[in-house]
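Structural overview
Chain by chain, the residues run as shown.
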Amino acid sequence: MALTRPSQSSSIFKKRSSNALASAASYLSALSQADASARARNSSHSSPTSTPALSLSSSVTTSSSEDTVLHEDDYMNDPVLASNKDGLLLPPRPPTSEQVFTTVHTEFGHSAQEEYRTTSQHPAGKPLAIHVPQDPPYYILLSTYISYLILIVLGHVRDFVGKRLNPGSYKHLMPRDGYAPLNSDFDSFYTRRLKTRMDECFSQPVTGVAGRTILLLDRISPDYNHTYVFTGTRTRALNISSYNYLGFAQARGGCADAVEESIKRYGISTLGSRLEGGSSDLHAISESLVAKFVGMEDALISSMGFATNSTFIPALVSKGCLVISDEFNHASIRFGVRISGANVRMFKHNDMKNLESLLREVISQGQPKTHRPWKKILVIVEGLYSMEGTLVNLPALMDLKKKYKFYLFIDEAHSIGALGPHGRGVADYFGINPRSIDILMGTFTKSFGAAGGYIAGNKALIDRLRVYGHSGPYAEAMTPPVLTQVMASMASIMGLQQTMPTSSVSEPTLVRGSEYHHPGPSTRLIPPRMDQPPPALASGAEGRTRLRRLAFNSKYLHHGLRKLGFIIYGHPTSPIVPLLIFNPGKMNMFHRLMKERQTPIIVVVVAYPATPLVTSRVRFCVSAAHTKEDIGDVLDLKHGRGERWSIDEVIKRAVELGTSEEE
Amino acid sequence: MNTTSTTLAPLFSFLEYSLTTAQTTFDKLPGSAVVLRYVKSSHQNDPGRTLLELILFLFAIRTLLQSRTRADRNGKHFIQFSDKEIDELVDEWVPEPLELPLTQSEVSDLAAVPVITGPNGPKPKLAATGKTVTNLASLNFAGLAGNEHIKQRAVETLRKYGLGSCGPPGFYGTLDVHMDLEHDIADFLGTEAAILYSQGFSTISSVIPAFCKRGDIIVADRAVNFAIQKGIQISRSTVRWYNHNDLNSLEEVLNNIEKERKKRRGPLTRRFIITEGIFQKDGVMVDLPKLIELKYQFKYRLILDESYSFGVVGRTGRGLTELYNVPAAKVDMLLGSCAIGLGSCGGFCAGSQIVIDHQRINGPSFVFSASMPALLAVSASEGINILRNTPSIFETLQENVRAARAILDRIDSIIIPSHPASPVIHIYVRPLPSAGLLSASVSTSSYLSASVHHATFPSAKDAMKHAEYEAEERLLQEVVEDCLAQGVMLTRAKRLKGQELSEPRPSIRLALTSALTKKETEKAVGVLKSVLVKVLSRRR
Ligand SMILES: Cc1ncc(COP(=O)(O)O)c(C=O)c1O
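Quick caveat, the model's predicted, so the values are computed rather than measured. (Residues numbered from 1 in each chain as written. Chains lettered and ligands numbered in written order. Predicted model: local features only at pLDDT ≥ 70, side-chain atom pairs only at ≥ 80, totals over all residues. Heavy atoms only, no water.)

Side note on the pairing of strand S8 (residues 301-305) of chain B
Residues and elements named next belong to chain B. As a reminder of what qualifies: Only protein chains enter the area calculation, which uses a 1.4 Å probe; residues under 20% of their type maximum are buried, those over 50% are exposed, and those in between are partly exposed. Labels follow the DSSP assignment, with helices taken as runs of H or I lasting at least four residues and strands as runs of E lasting at least two, numbered in each case from the N terminus. Two strands are counted as paired when DSSP detects at least two bridges linking them.
The element S8 is extensively covered by neighbouring structure, given that 5 of its 5 residues are classed as buried. Because side chains alternate across S8, one face comprises the buried residues Arg-301, Ile-303 and Asp-305, and the other comprises Leu-302 and Leu-304, equally buried. In this structure, strand S7 (residues 271-276) lies alongside S8, joined through 5 bridges in parallel fashion. Note that in S8 the partner of Glu-276 across the bridge is Asp-305.

Focus: the site of the ligand
How we decide: For this purpose, a residue is taken to be near a molecule or strand whenever a single non-hydrogen atom of the residue falls within 4 Å of it. The definition of a polar contact used here is a pair of N or O atoms within 3.5 Å, where within protein one atom must be able to donate a hydrogen and the other to accept one, and adjacent residues in sequence count solely through side-chain atom pairs. Note on areas: these come from Shrake-Rupley sampling with a 1.4 Å probe, and a residue is covered only by the protein chains present in the view. Side-chain classes follow a simple rule in which Ala, Val, Leu, Ile, Met, Phe, Trp, Tyr, Cys and Pro form the nonpolar group, Asp, Glu, Lys and Arg form the charged group, and the remainder, Gly included, forms the polar group.
Around the ligand, 15 residues are found, and the nearest of them are Phe-306, Thr-445 and Lys-446 of chain A together with Ser-369 and Ala-370 of chain B. Neighbouring residues of the ligand are not confined to a single chain but are spread across chains A and B. Between Ser-369 of chain B and the ligand, the recorded distance is 2.5 Å, taken from a side-chain N or O atom to an oxygen atom. Burial of the ligand by the surrounding chains reaches 97%, relative to a free accessible area of 390 Å². Per-element accounting of the shell around the ligand gives the leading share, 3 residues, to helix H9 (residues 305-316) of chain A. When the residues that make up the shell around the ligand are grouped by side-chain class, the tally is 4 nonpolar, 8 polar and 3 charged.

Description of the packing of aromatic side chains
For any two aromatic rings, the description comes down to two numbers: the centre-to-centre distance and the angle of the planes. Put simply, the test is: Here a pair means two rings of Phe, Tyr or Trp (six-membered ring of Trp) with centres within 6.5 Å. Their orientation is stacked below 30 degrees between planes, edge-to-face above 60, and tilted elsewhere.
For the structure shown, the criterion picks out 15 aromatic pairs over all chains. On the basis of an interplanar angle of 85° and a centroid distance of 6.0 Å, the ring pair of Phe-188 of chain B and Phe-310 of chain B is categorised as edge-to-face. Remark: Phe-310 of chain B occurs in the loop between S8 and helix H13 (320-323) and Phe-188 of chain B occurs in helix H8 (residues 176-189); sequence separation between them is 122 residues. The buried category is assigned to Phe-310 of chain B, whose relative accessible area is 0%. Taken together, the ring pairs in this structure connect Phe-293, Phe-444, Phe-448 and Tyr-454 of chain A into an aromatic cluster.

Notes on the interface of chain B and chain A
For clarity, the threshold we go by: Contacts are assigned to residue pairs that have any heavy atoms within 4.5 Å of one another. Here the quantity called buried area is the accessible surface, traced with a 1.4 Å probe, that two parts lose on coming together, added over both. Should a side-chain nitrogen of Lys or Arg be within 4 Å of a carboxyl oxygen of Asp or Glu, the pair is scored as a salt bridge.
If you look at the interface, chain B gives 120 residues, while chain A gives 127 residues. The largest contributions to the chain B side of the interface with chain A come from Trp-93, Arg-159 and Tyr-172 of chain B, which together make up 10% of the buried area. Between chain B and chain A we count 5 salt bridges in total. Pairing of strand S4 (residues 279-280) of chain A with strand S1 (residues 115-117) of chain B, which is carried by 2 bridges, proceeds in the parallel orientation. Its bridge partner being in S1 of chain B, Ser-279 of chain A is matched across the sheet by Val-115 of chain B.

Some points on the environment of Glu-276 of chain B
Residues and elements named next belong to chain B. Secondary-structure assignment places Glu-276 in strand S7. The class of Glu-276 is buried, set by a relative accessible area of 1%. Expressed as a C-alpha distance, the spacing of Glu-276 and Val-533, which sit 257 residues apart in the sequence, is 32 Å. Ignoring sequence-local partners within four residues, the contact set of Glu-276 consists of Ala-223, Val-224, Asn-225, Ile-228, Val-286, Leu-304 and Asp-305. A polar contact of 2.8 Å, which involves the side chain of Glu-276, links it to the backbone nitrogen of Asn-225. At 3.1 Å, the side chain of Glu-276 and the backbone nitrogen of Gln-280 are in polar contact.

Digging into unusual backbone geometry
Residues Tyr-608 of chain A and Pro-609 of chain A are joined by a peptide bond in cis, for which omega reads 5°. Note that Pro-609 of chain A resides in the loop between strand S14 (604-606) and strand S15 (617-621). Even without being a glycine, Tyr-224 of chain A presents a positive backbone phi close to 50°. By secondary structure assignment, the location of Tyr-224 of chain A is in the loop between strand S2 (213-220) and strand S3 (229-239). Judged by relative accessible area, which is 54%, Tyr-224 of chain A ranks as exposed. The residue Asn-325 of chain B is not glycine, and still its phi comes out positive at about 60°. On the basis of relative accessibility, which here comes to 69%, the residue Asn-325 of chain B falls in the exposed class.

Description of the side chain of Asn-350 of chain A
Residue and element names in this part refer to chain A. Structurally, Asn-350 can be placed in the loop between strand S7 (343-347) and helix H11 (352-365). What makes Asn-350 buried here is its relative accessible area of 16%. Those residues in contact with Asn-350, other than ones at most four positions away along the chain, are Asp-326, Thr-390, Leu-391, Val-392 and Asn-393.

Looking at the nonpolar core
Short version of the rule: Residues grouped as a nonpolar core are buried Ala, Val, Leu, Ile, Met, Phe, Trp, Tyr and Cys residues, joined through side-chain atoms within 4.5 Å.
Residues Leu-394, Leu-561 and Phe-620 of chain A are the most contacted members of the largest nonpolar core, which totals 235 residues. When residues in this core are grouped by element, the largest group, 9 residues, is from helix H17 (residues 374-389) of chain B. Contacts of Leu-394 of chain A, omitting those with residues within four sequence positions, involve Leu-408, Ile-410, Val-426, Ala-427, Phe-430, Ile-432 and Ile-437 of chain A. One finds Ile-218, Ile-274, Leu-335 and Ile-356 of chain B within the second-largest nonpolar core, a separate group that totals 30 residues.

Some thoughts on the UniProt feature "domain: Aminotransferase class I/classII large" (unreviewed entry) in chain A
Residues and elements named next belong to chain A. Quick note on the threshold: UniProt positions are given in the numbering used here, feature names are shortened, and annotations may be inferred rather than shown by experiment.
Mapped onto the present numbering, the UniProt feature "domain: Aminotransferase class I/classII large" (unreviewed entry) falls on residues 238-486 and 542-634. Each end of residues 238-486 is marked by a C-alpha atom, and these two atoms are 25 Å apart; helix forms 40% of the span and strand 16%. Taken end to end, residues 542-634 comprises 45% helix and 16% strand; its first and last C-alpha atoms sit 25 Å apart.

Looking at the packing of helix H5 (residues 104-112) of chain B against helix H21 (residues 466-485) of chain B
All names here are of chain B. Defined as follows: A fitted line through C-alpha atoms represents every axis, and for helices the fit uses only the stretch in contact; the resulting angles, taken between N-to-C directions, go from 0 to 180 degrees. Each angle gets one of four labels, with under 35 degrees taken as roughly parallel, over 145 as roughly antiparallel, 65 to 115 as roughly perpendicular, and the rest as oblique. If you view the pair so one helix is near and one far, a crossing is left-handed when the near helix is turned anticlockwise from the far one by less than a right angle, and right-handed when it is turned clockwise.
Across the interface, H5 lies against H21 with an axial gap of 12 Å and an inter-helix angle of 25°. One way to sum up the angle between H5 and H21 is to call them roughly parallel. Remark: the crossing between H5 and H21 carries left-handed chirality. Contacts from Ser-105, Asp-109 and Ala-112 of H5 reach H21 at Arg-474, Gln-477 and Glu-481. Taken together, the residues that form the contact of H5 with H21 break down as 1 nonpolar, 2 polar and 3 charged.

What to know about the sheet that holds strand S9 (residues 407-411) of chain A
Residue and element names in this part refer to chain A. Pairing is mixed across the open sheet formed by 7 strands, whose spatial order is S5-S11-S10-S9-S8-S6-S7. For this open sheet the edge positions go to strand S5 (298-302) and S7, each flanked by a neighbour on one side alone. Direction aside, the axes of adjacent strands within the sheet are offset by 20° on average. Two strands pair when backbone bridges link them, and strand S6 (residues 322-326) and S7 are joined in this way by 5 bridges, in the parallel orientation. Considered in S7, the bridge of Val-323 is made with Val-344. Against the sheet, helix H12 (residues 394-404) touches strand S8 (377-382) and S9, its axis set at about 155° to S9.

A look at helix H10 (residues 226-235) of chain B
Side chains three or four residues apart in an α-helix point the same way, a direct result of the helix having 3.6 residues per turn. Residues and elements named next belong to chain B. A large share of H10 lies buried, amounting to 9 of its 10 residues. Within the sequence span of H10, burial applies to Phe-226, Ala-227, Ile-228, Gln-229, Lys-230, Gly-231, Ile-232, Ile-234 and Ser-235. Here H10 starts with a cap whose side-chain oxygen sits 3.2 Å from the backbone nitrogen of Ala-227, and that cap is Asn-225.

Structural notes on the sheet that holds strand S12 (residues 576-580) of chain A
Residue and element names in this part refer to chain A. Strand order in the open sheet formed by 3 strands is S12-S15-S14, and the pairing between neighbours is antiparallel. Single-partner strands in this sheet number two, and they are S12 and S14. Between one strand and the next, the sheet's axes are offset by a mean angle of 30°, whatever the strand orientation. As paired elements, S14 and S15 share 3 bridges and run antiparallel to each other. Residue Val-606 lies in a different strand from S15, and its bridge partner there is Arg-617. In the packing of helix H18 (residues 541-564) onto the sheet, the strands contacted are S12 and S15, and the crossing angle to S12 comes to about 15°. Docked against the sheet, helix H19 (residues 584-595) engages S14 and S15, running at close to 35° with respect to S15.

See below:
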């Protein structure tokens, strides 16, 4: 557990304030203790070094069974990756003779125990508990502010001295022969003097599948994070950072087989925009599949999730309209709203009281100056917030919608696939008829392991967006391999009709307010190579398992961290679990200590400006690909005392935590 | 008196209580003693200062609290309503419908968009009829579509990386294949570095606001494509437009700005020239050497969108810089599309290391969007490899362009604004001599010379009455549909009506490809010619 690169780390510590050093040191000791205990626990297991990484049964995935040992060339040439020293290559227990796993353990973990599953569903009739962010002790806040203060003062001192002693390195920040600098020293201060210090946490290059594990391309910085050199080695790490909620990031399995077939049949690109000669029958098929999946009349697919917001929102609202936007909405939404020319107001994150008083104000006041009534009001929220892990308070929002007659746009980038008993997003989670929402938008980059996004609504609206959205005439259409991944992953959640009697697939949900049944399995929507799909895919059984594993893992991590005594934001069912760290100095520390454990774990740390200044955090993104043991590894952070649970207790009571209804 | 004191008593006791709790909590706060000492000593020295500081403090809190929702409750336009009045106003308010239905012609246009079944390429099969057609609509300039080697590499990549990257570049979304492609692009063009975006269209709308801020100056061509317009809009910089592809007009604008600046003695701001290599709207090509000269003379930075020229022109498809033999490093930000030029997906910006690194933190659609799927990056890298090693691709393409132009240039009833070497060819209807205002300025102009001032651009819509514009669109749509019936797939240039800065005239847009032989191209363009002559002769 000792830091393996002492020269680098000590140089970083020297620049830190003393209080940061103290807490960093305590972190160090806590984490190293945790690691020691983990090692002890692991060695008590019989380590099944002799079992192959895979026990692929050829009867299930006929197509990929011929090359059962995957990444053969990759792993076997590299002694480090071929060994199970990190505990990631092989499952802790060898599979029994009746257990059949069709996935590669490093991509999608093997887990057969039914008790490690639960359903993601809101208890009917109960209002959503208001999420109150837990406040840290004052001394944490104070030391955080002081850390920033010291960083800022030091930065300015360094700039002051640097400009005089080493003007060469400031050249690009200064006006030079008649050109203003691209970036002034003032504008870039934060980047140069604060972000650079923790650059090792960002933009880490990787290779391979972003599944349960990922391969890091090891790098070191010889010059305090200004440049990096690759050491040429790779490290396998547990990946609790990618938006791979349902674990569809896989190089093997039914979806990848379908994509391969599609590349062979359709090629790489459809050569153009949707309206100018780039439309393929695959687009039409997948759009109707998406519409069916999300429960809307029609849907439109775009080749980039960001662009789905930035190019279609301007076609929805214009001058004279008002957009009311949650203060934590994603950059793509802000981009689209700004381009649209509509007026914008923000409301406090997920605060329905604040939204209501804002609505009363804007409707009664009308447009600024003229007091003319607004043409339309569009409220834009996200289903699941990517930095907070909070769920939109949809039941309350729907009540407001009835009263105040605004249109509702929900960005389901993170919630589609990840929430709800059928994986159909927040509406499914709360049991609300999706058709009572005007526009549902989402991306395929997350749960579906693909790329791009969709926007769904009634047919007239979507047709209008086809013609008036910026993407239609100008942006490249989504490519066939991506379309196929979308179709295959979605269809495997829905199940395919031709192989299944209708009744047994997904029990229709009776929903509050109106009679809405989520559409059953997909019918004629057969992606290439899915004509004879593996039975587990066709029946939707595999998809259901993914949904249930994700729900369990999310709750387990959330409740587990809480019991250990950490400050956690968000909703327990959310696969995004932010752990608050506050102090900027601890972020590097946490990141590095996690990466250098015996089982390396990579984490995402986010700080200002992505979060408010003080509430720097680590963001875990749980996946269905993780096993219960993986989550246990992540949890193994600290020994608790008093009211806190110990890690051993948390792990022992995993089932209780992972299925708890507590909010 | 008595009564007031009794009513006030609980209030006082409450005040006292809250004061003491406030004091104890304050004392518990770490550092409170320091604050207290500071306030005391400053008060002793100068009581006025305490007041001033208190006011400042309150003011700071007020602004902090206000900035949240930008409420203009205190603004002079705010009207105070009672709750009941608000309820009534809420009840009365009727919003407009979220969407207007499409017009009849929009619906039929949408229905007429050809849908291809199976792979797209030079000879795709239509979903509607099952017929195979010759494709002059899809963007396949270098003929990379369907390349077996690329497909094979894509499958290999799929089996190693899966499909999606599941993360933005900053958070474990940077794959080695992305870095390889960035390196390949920079190496191919001869710049220091390059950065990859996951959609071609969104690239420039993101690059512009990464550099151009409020107060900066942008000088741009009036007919730049929609993505550039949006990038400029979101940057909030000061914009000056020059006439379409008229570098004299550009020089004039630059001179004027320089004069104004000298007069005002304002601070030095960033200044940019933004234009396209081959214009998306009409296939006109910019005179790059002259442009570079001007940029250096006036000390501007050049943002050049080569979406329709990278992978399209030049001996090996490097674009305008290769065609004009200008080092790409002289273009500060050179943008291209891997979707259009390399038959894959995504876009890039090439430039100096500083320019690229800046975007990695400041380019909105780079930072806030997932990186592109690995297999698409590898396909693009393979595409570059093929372009590099097969100059014959662009010889064939140019041969096809010459063949097509030889046929089209002889048709009297049309105008072609596009550059003779451009594989993107736009076709306008030549107005009848009897027609209104517009005809005079257009029909007589020699559209081939690069310095033609396109009077049609800035005010085409104004000049041409709405009906006339629509009629022209119908006419061209008829041509497109007749050609399709005869086995040639074309498209009208689709545009966002009413949203463009300046609406160009309706046109048919051809995209030639090296995947068709000269004979096939001639045959297809021949069909177009006969249909054009037939349909346009029916006008009166
Ligand atoms: C809420 C939201 N919308 C849109 C996007 C953009 O999606 P993509 O990464 O597919 O471009 C994201 C991605 O981070 C997001 O969180």
